[in-house]
Each structure stands twice: as structure tokens, then as C-alpha cells.
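A look at the structure
One letter stands for each residue in the lines below.
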Amino acid sequence: MANTPLVLPSLRGSFGSWIFYSCLMPIDELSTRVRFAEEIHPDKALSELIQRRLTGARAKQIASYLASAPDRFFNSLVLATYAGAPEWLEVGNLRSSSQPNILKEISERARDSIGFLRLSGAEKIFALDGQHRLAGIRQALADGTKLEDDLVPVLIVGHKKDKAGKQRTRRLFTTLNKTAIPVQKADIIALDEDDAMAIIARRLVEENASFKHPKVAVISSTNMPVTNHESMMTISSLYDVLKMLFLHDLGKASDRTLKTRRPTDDKLDHYYAVATAYFSALGKAFKPVRDVFAAADPSAITAAQRHDSGGHLLFRSIGLEIFTRTSVALAKANGISVADAVHQLRLMPIDISKPPFRNVLWDPAKKKMIVAEKTLARDLAFHMAGVPVTTAAVRTSYRRAVGNPQAALPAQL
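Residues numbered from 1 in each chain as written. Predicted model: local features only at pLDDT ≥ 70, side-chain atom pairs only at ≥ 80, totals over all residues. Heavy atoms only, no water.

Digging into the overall build of the protein
Cut-off, in case you're wondering: Numbering goes from the N terminus for both helices and strands, where a helix is a DSSP run of H or I of at least four residues and a strand is a run of E of at least two. Here the globule rule is a power law, 2.2 Å times the number of residues to the power 0.38, and the radius of gyration is based on C-alpha atoms. Only protein chains enter the accessibility calculation, which uses a 1.4 Å probe; a residue whose area is less than 20% of its type maximum is buried, one above 50% is exposed, and one in between is partly exposed. Here a residue-residue contact requires only that any non-hydrogen atoms of the pair lie within 4.5 Å.
Helix and strand counts for the protein stand at 17 helices and 14 strands. The C-alpha atoms of the protein give 29 Å as radius of gyration, which overshoots the globular expectation for 413 residues (22 Å, by more than 25%). Seen through its C-alpha atoms, the protein measures out along the principal axes to roughly 80 × 55 × 45 Å. A buried classification covers 43% of the 413 residues belonging to the protein. The contacts in the protein between residues at least 6 apart in sequence include a share of 69% that link residues at least 24 apart.

With respect to the packing of helix α8 (residues 196-207) against helix α9 (residues 235-250)
In a packed pair of helices, the relevant descriptors are the angle between the two axes and the axis-to-axis distance. Rules: For helices, the axis comes from a line fit to the C-alpha atoms of the stretch in contact; other axes are also lines fit to C-alpha atoms, and the angle between any two N-to-C directions lies between 0 and 180 degrees. Roughly parallel refers to an angle under 35 degrees, roughly antiparallel to one over 145, roughly perpendicular to one between 65 and 115, and oblique to any angle outside these ranges. Take the far helix as your reference; a near helix turned counterclockwise from it by less than a right angle gives a left-handed crossing, and one turned clockwise gives a right-handed crossing. Each residue gets one of three labels, nonpolar for Ala, Val, Leu, Ile, Met, Phe, Trp, Tyr, Cys and Pro, charged for Asp, Glu, Lys and Arg, and polar for the others, Gly among them.
One way to put it is that α8 packs onto α9 with a least axis distance of 9 Å and a crossing angle of 125°. Comparing their axes, α9 and α8 come out oblique. Between α8 and α9 lies a crossing whose hand is right-handed. Only Ile-235, Leu-238, Tyr-239, Leu-242, Lys-243 and Phe-246 of α9 make contact with α8, whose side of the interface consists of Ala-196, Met-197, Ala-198, Ile-200, Ala-201, Leu-204 and Val-205. Of the residues assigned to the contact of α8 with α9, the class counts are 12 nonpolar, no polar and one charged.

Quick look at the sheet that holds strand β5 (residues 87-90)
Put simply, the test is: Paired strands are those between which DSSP finds at least two bridges.
Read from one edge to the other, the open sheet built from eight strands follows the order β3-β7-β4-β8-β2-β1-β6-β5, with strand pairing classed as mixed. The sheet is open, and its two borders are formed by β3 (34-35) and β5, each paired with just one other strand. Strand direction decides the pairing type here: strand β1 (residues 6-15) and strand β2 (residues 18-26), joined by six bridges, are antiparallel. Pairing of Ser-14 across the sheet is with Ile-19, part of β2.

Describing the packing of aromatic side chains
Each aromatic ring pair is summarised here by two numbers: the centre-to-centre distance and the angle between the ring planes. Stated precisely, the cut-off is as follows: Put simply, two rings from Phe, Tyr or Trp (the six-membered ring, in Trp's case) pair if the centres are within 6.5 Å, and we call them stacked under 30 degrees between planes, edge-to-face over 60, tilted for the rest.
Going through the model one piece at a time under the given rule, you end up with nine aromatic pairs. With a centroid separation of 5.3 Å and an interplanar angle of 40°, the aromatic rings of Phe-211 and Phe-293 are classed as tilted. Residue Phe-211 is found in the loop between α8 and β9 (216-217), and its partner Phe-293 is found in helix α12 (residues 287-294); the two are separated by 82 residues along the sequence. Of the two residues, Phe-211 and Phe-293, both sit in the buried class.

Brief notes about the nonpolar core
Heads up, the rule is: To qualify as a nonpolar core, a set must consist of buried Ala, Val, Leu, Ile, Met, Phe, Trp, Tyr and Cys residues joined through side-chain atoms within 4.5 Å.
Core analysis: the biggest nonpolar cluster contains 71 residues, and Phe-246, Leu-282 and Phe-323 have the highest contact counts within it. Contacts of Leu-282, omitting those with residues within four sequence positions, involve Val-289, Leu-314, Leu-320, Phe-323 and Val-342. Membership of the second largest hydrophobic core comes to 29 residues, among which are Val-34, Leu-77, Ala-140 and Ile-156.

Re the pattern of salt bridges
When the charged atoms of two side chains with opposite charge come close together, those side chains can pair. Quick note on the threshold: Within this document, salt bridges are pairs made up of a side-chain nitrogen of Lys or Arg and a carboxyl oxygen of Asp or Glu, the two lying within 4 Å of each other.
Tallied over the full model, the rule gives 17 salt bridges. Here Glu-90 ties to Arg-12 by a salt bridge, and the two come within 3.6 Å at their closest N and O atoms. With Glu-90 in strand β5 and Arg-12 in strand β1, the pair connects residues that are 78 residues apart, well separated along the chain. Note on Glu-90: relative accessible area 43%, which makes it partly exposed. What makes Arg-12 partly exposed here is its relative accessible area of 28%. Between Lys-185 and Asp-240 there is a salt bridge, with the nearest N and O atoms lying 2.6 Å from each other. Remark: Asp-240 occurs in helix α9 and Lys-185 occurs in helix α7 (residues 185-191); sequence separation between them is 55 residues.

Quick notes on the pairing of strand β4 (residues 77-82)
For a regular strand, side-chain orientation follows a simple rule: the groups alternate between the two sheet faces. With six of six residues buried, β4 is to be regarded as a mostly interior element. Both faces of β4 are covered, namely the face carrying Leu-77, Leu-79 and Thr-81 and the face carrying Val-78, Ala-80 and Tyr-82. Inspection of the sheet shows β4 paired to strand β8 (residues 151-158) by five bridges, in the parallel sense. Within the sheet, the bridge partner assigned to Leu-77 lies in β8 and is Val-154.

What about the environment of Thr-222?
The topology assignment puts Thr-222 in the loop between β9 and β10 (233-234). Thr-222 gets classed as partly exposed once you look at its relative accessible area, which sits at 27%. Taking the C-alpha atoms as reference, Thr-222 lies 8.5 Å from Met-233; in sequence the two are 11 residues apart. Apart from the residues within four sequence positions on either side, Thr-222 is in contact with Lys-185, Thr-234, Ser-236, Ser-237, Asp-240 and Ser-317.

Describing α9
Quick note on the threshold: Multiplying one less than the number of residues by 1.5 Å gives the expected span of a helix.
For α9, which comprises 16 residues, the first-to-last C-alpha distance of 22 Å matches the rise-based estimate of 22 Å (1.5 Å per residue) to within 8%. Taken residue by residue, α9 has Ile-235, Ser-236, Ser-237, Leu-238, Tyr-239, Asp-240, Val-241, Leu-242, Met-244, Leu-245, Phe-246 and Leu-247 as its buried positions. Gly-251, located one to two residues past α9, shows a positive phi value of around 75°.

Quick look at the environment of Tyr-21
Summarising the element assignment, Tyr-21 is placed in strand β2. Residues Tyr-21 and Asn-93, 72 residues apart in the sequence, show an inter-C-alpha distance of 20 Å. Not counting the four nearest positions on each side in its chain, Tyr-21 is found in contact with Ser-10, Leu-11, Arg-12, Trp-88, Leu-117, Val-154, Leu-155 and Ile-156.

Points about a nonpolar patch on the surface
For clarity, the threshold we go by: Each patch is built from residues that are more than 30% exposed by relative accessible area and take part in no salt bridge. Like charges join if they lie within 9 Å; nonpolar side chains (Val, Leu, Ile, Met, Phe, Trp, Tyr) join within 5 Å. Where accessible areas are quoted, they stem from the Shrake-Rupley method and a 1.4 Å probe; at the residue level, only the protein chains shown are allowed to cover.
Side chains of Val-7, Leu-11, Leu-89, Val-91, Ile-114 and Phe-116 sit close together on the surface and give an oily, nonpolar patch of about 450 Å² of accessible area. Where the nonpolar patch is concerned, the elements lending two or more residues are β1 and β6 (114-119). Here Phe-116 shows up in strand β6.

Focus on the environment of Ala-285
Examined against the element boundaries, Ala-285 turns out to sit in helix α11 (residues 265-285). Residues Ala-285 and Lys-374 lie 89 residues apart in sequence; the distance between their C-alpha atoms is 23 Å. Leaving out residues up to four positions away in the same chain, Ala-285 has contacts with Val-342 and Arg-346.

Encoded structure:
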């Protein structure tokens, strides 16, 4: 059954060979009128497939975001339409009672771009880009989320059902999705106001003297540049450490809630305390870490702990990750605090140029980290900490890595 007519405020434009309409559509109308390609083409033939398959989990995440975020916002969905009779209605003559001369500054092309798009109700409309957002909107409305005042920005283009039209629309779909760039971790850390790790990482770097520049390198890479002789860790590495700590604190395996739902101020203060307690424990257990946190200029300390002959485990991004993961695993296994776990691990070998990390994490010949053996290094740390691992498998991997078929695993702490 056709929908009733709908008039949308709109801008008309052209981009390449496409004529498009940038409109504001009530969110309930979007949910009702816009369909998925699989609904339009039930045979799902590959030649007609112009839609990514939706995943239920993604729709639920978006629905949760719509229900919980008062400052929610979407960028424009791209919709394709065929059938029916969409009609463009220009605004017509513009008038100004106070400044009539200002109208001369508006070009004819600009005036012709302002108007309304009338949908007859007989159109077939489907989401070309934004299908997951559409699924989330439907889910939110089905759950009873009140969104009736929301207007969603949409870009509407025409779609022809002949072979050439399908090819043209498919090409636009793949172009939109192949050229879309995911939000980078560094941007999340710098800007995200919902992600708990990002919020606390910024707070540490901005407010806590132990983490201020240059102690934490505020750069996009997780790994420390070889030219950096000042910083103990990167802000991306700090983010990863915080995620492990907060997940353990929550007792959950998934970080979805931590990333998408801003905690209360009290909860953020709690997470901040969790973070500072962990790094305080690191400082108490390892003097070089304590010295960096206390120093006005940490460059001499850092240079002595990270160099081309190896250095301290915690002054390498991979090493800090492995140690934190081990601390969390030990705390969970023994029912103790992470700080107490760090105290128990204070005697762990930390010179990566010596066994057990030599030829596992550190290549003495090439004078570089061995990223490929990170899992083995973690298992060795677990073994030393007394966290359950498959000992025989770890022993076999260790002997292979060090090139010694008789090598024994390091002693437990």
C-alpha cells in the first residue's frame, strides 16, 4: 500500500552525473518509507545486490545509542528512489523587506537550488548508504524510544531498474563504502565524549603531572617512534591499558558499553582512580617507572630504559600491554586487586635483551622488537605469574623461538 504524500524541505544539487536532493525527513517517515534492498529484490541475485547484509548486533547498538544519547546525531543517509513521481518545488521569488539589495548577492543557481521535494507516496525508496542506521532507527522505534521530533538528513538520488541503472547504483554504493574512512583511534582519544578510555586518557594527560607531555607521547601511532627518547608510552598505548583495566573492573569481556555509553561523572571518577592506582602500583614495583612519573624531564631516564640494546619491558608498548594483561589475569585468577597482582609480579624479568624475552620479544641481531611472538611472550609471562597456560605448548614454542630444543621455561615467581 502506498504511503501518503510527503513534502520535505530540500536543496537540489548536482555532483558528477548525479542529481541529488538534500532533505530533512522525519525519523518515523524514514522508518516507514525506506526499505532494504533485500525487501525490494527478494531473489537476492548478485546482479541486483546493492545492499550490505545487516547484522542484528549493529542495529541494537545504534538503537541503544538513539535511546540513551540526548545529543545523538547522524550524518546523511543516502537513499535511492524509483517509481512514484517525486516532484521538485522551487521556492520562487525571494523577498527582503529590510535589505532588498542583499538579494542581488544570491546567484540564480543558488536560488534554483532551494525548495521542497514532494514524494507522492508511491515511490520505492531504499537505503544505499546508512542501512545499519536505518535498522537501528527501526529497532529504536519498535522498542518505544521517543524520537518523533527528530529530523534525519538524507540525500536522495534517482535509481533506474534497467541493467545500466542497476550498475550505476551499485557503483555508487561501492564507492561510498570503499572510500569511507573509519574513525581513527587517535581521533577517538582526542575527541570522543562517550568512550570511557578516551575520556580518562585525556584527563590523565591534561591534569595529572605524572602523565603530562613528554611522559606520554600524544601521537597517532601505538608504537613509540625510534626517535622518541623522552616518553614512556604513547597515548594509544595508554588507551589500551585503560581498556584492560576497565574491562576487568566491570567484569566483562566486551568493551561496547565502555565505548558507546558515557559513564556518569561518579563512574568516571572511579575509572580515574582505577587507572591511577594501577600506575601507582607500577611505580612502587619498578623504580624506573616511578622515576619517570616524578621527573620534570624524563628524557635521561627513558633513554636508559629504551635503547637499541633492548631495555625495560614496560618502556615498550608491547611489553606494557603484556604486563598489564598478566596483572589483570593474575588478579582475576587469585581474586586479588590489580595493584596486589603488580606487587606479586615485581620480580618478573624486565630486561628484554635477556631470557626469557631475548629472541622472543627482542631480536638482538636486528636490534628490534619481535611483534610476531607477542602471544608467546604473553604466555611466558602468564607461566611465570602462575596463571594457567598449556605448559607443554608454551615450552615447544619457546624452544622454537630461542633455537634451543633443550631450553627450559623460566621459573615461576
